[in-house]
Amino acid sequence: CAMCENLLGRHAAAHARLLGALDEIGDERSFAAADLEIELAADALYDTDFAGAVDWARRARAASEPLGLPAFVAVATALECFGAIGLGRIEDAQRLREDAAARLDALDDGALAGRLDAAYYLGYGEFFCEYYDDAIRHFKRGIAVSRASGQGQFVIVMTVGLAYACEVRGRLGEAAEHADAAVEAARLLGNDQMLCFALTADAWVAAVRGELSRSRA
């Protein structure tokens, strides 16, 4: 529920819900606690609380590893990478990016389908670490597994990330296709936050391609 609230822009409600649920559980080394801590790390990113993202991601990883939850560890590591970027700890971010990528690549599609946020957060972490080809590869895999498993919650935001990464690599036609697809999907959903993300990407790619009237619109 909190994940949905964050994707709808209801960040304060999501944060309060997650903290309340974690307090109710009490057991910091349980599957449920690890799941909530991962979402609290993601929740912190929406509030640009990068120190909080790092702290919650570390707690989630500490809870997940003894439980044998490799997909959980992968997404927690990706979130810590994202937080480290925000804090300017670039060496830490690059180390965490490499670790998270290795963990995600070791997951089969079934395991990844259970934690699609791993591809989402890792892809953006790789983008901001300037590993654009890796970002493209992981975004594409995340989108493919999302569609194959009938899960759409991260498709638009991963498609937006894919558009940005393709643009940086000079693949402007492909970038435009992805940005346009993200806009169309967001309009169909009627989600203002997703539509804002998608239109921003579309405007940026259009500007780079010299399509200034489209970009202004």
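Nothing here was measured: the structure is a model prediction, and the numbers come from that model. Throughout, a residue's number is its position along its own chain's written sequence, starting from 1. Local features in a predicted model are, by the rule used here, given only for residues with pLDDT of at least 70; side-chain atom pairs are given and counted only at 80 or more, and totals for whole chains, interfaces and linings are based on all residues. Only hydrogens and water are removed before side-chain values are computed, so all heavy atoms of the structure are retained for them.

Our focus in this paragraph is unusual backbone geometry. Positive phi, close to 50 degrees, is recorded for Thr48, a residue that is not glycine. Only DSSP runs of H or I covering at least 4 residues are called helices, and only runs of E covering at least 2 are called strands; the numbering of each starts at the N terminus. Looking at the element boundaries, Thr48 is found in the loop between helix H3 (31-46) and helix H4 (50-67). Look at Thr48 and you get exposed, because its relative accessible area is 55%. Even without being glycine, Glu130 reaches a positive phi, approximately 70 degrees. For Glu130, the position within the fold is in the loop between helix H8 (117-128) and helix H9 (132-148). Given a relative accessible area of 58%, Glu130 falls into the exposed group. Note on exposure labels: buried denotes an accessible area under 20% of the residue type's maximum, exposed denotes more than 50%, and partly exposed covers the range between, all computed with a 1.4 Å probe on protein chains only.

Let's shift gears to the packing of H4 against helix H5 (residues 70-86). Where H4 contacts H5, the axes come no closer than 8 Å and their chain directions differ by 160 degrees. Considered as vectors, H4 and H5 are oriented roughly antiparallel to each other. The handedness of the crossing between H4 and H5 comes out as left-handed. Only Phe72, Val73, Ala76, Thr77, Leu79, Glu80, Phe82, Gly83, Ala84 and Gly86 of H5 make contact with H4, whose side of the interface consists of Phe50, Ala53, Val54, Ala57, Arg58, Ala60, Arg61, Ser64 and Glu65. Only the contacting stretch of a helix is used when fitting its axis, a line to C-alpha atoms as for every element, and angles between N-to-C directions run 0 to 180 degrees. Any angle from 65 to 115 degrees is called roughly perpendicular, while one under 35 is roughly parallel, one over 145 is roughly antiparallel, and all others are oblique. For any helix crossing, the convention is left-handed if the near helix is rotated counterclockwise from the far helix by under a right angle, and right-handed if that rotation is clockwise. Contacts are assigned to residue pairs that have any heavy atoms within 4.5 Å of one another.

To pair, rings of Phe, Tyr and Trp, with the six-membered ring standing in for Trp, must have centres within 6.5 Å; the planes then decide the type, stacked if under 30 degrees apart, edge-to-face if over 60, and tilted in the middle. The full count for this structure, using the stated rule, is 9 aromatic pairs. For the pair Tyr120 and Tyr124, a centre-to-centre distance of 5.7 Å together with 85 degrees between the ring planes defines the contact as edge-to-face. Pair noted here: Tyr120 and Tyr124 are both in helix H8, with a separation of 4 residues, about one helical turn. Neither Tyr120 nor Tyr124 differs from the other in exposure class; each is buried. The interplanar angle of 85 degrees and the centroid separation of 5.3 Å between the aromatic rings of Phe127 and Phe128 together place this pair among those described as edge-to-face. Under the relative-accessibility criterion, Phe128 is labelled partly exposed at 45%. We call a charge positioned above a ring when the Lys NZ or Arg CZ atom is no farther than 6 Å from the ring centre and deviates by at most 35 degrees from the ring normal. The ring of Phe72 has Arg115 lying over it, and the distance from NZ or CZ to the ring centre is 4.7 Å.

This paragraph deals with the side chain of Asp43. Assignment of secondary structure puts Asp43 in helix H3. Positive charges are assigned to Lys and Arg, negative charges to Asp and Glu, while His and the chain termini are left out of the count. For salt bridges, the criterion is a side-chain nitrogen of Lys or Arg within 4 Å of an Asp or Glu carboxyl oxygen. Of the side chains with opposite charge, Arg17 lies nearest to the buried Asp43, which makes no salt bridge, at 9.8 Å.

Right, let's get into helix H11 (residues 172-189). Over its 18 residues, H11 extends 26 Å from the first C-alpha to the last, a length consistent with the 26 Å expected when each residue adds 1.5 Å. All buried positions along H11 are accounted for by Ala175, Ala176, His178, Ala179, Ala182, Val183 and Ala186. Buried residues of H11, seen end-on, are gathered within an arc of 165 degrees and therefore sit on one face of the element. Away from the buried face of H11 by more than 90 degrees, exposed residues Glu177 and Leu188 are located. Against helix H10 (155-168) and helix H12 (192-208) lie the buried residues of H11. A positive backbone phi angle near 70 degrees is found at Gly190, which sits one or two residues after H11. A helix is expected to span 1.5 Å for every residue after the first. Working note: the arc is built from the helix axis to C-beta atom directions.

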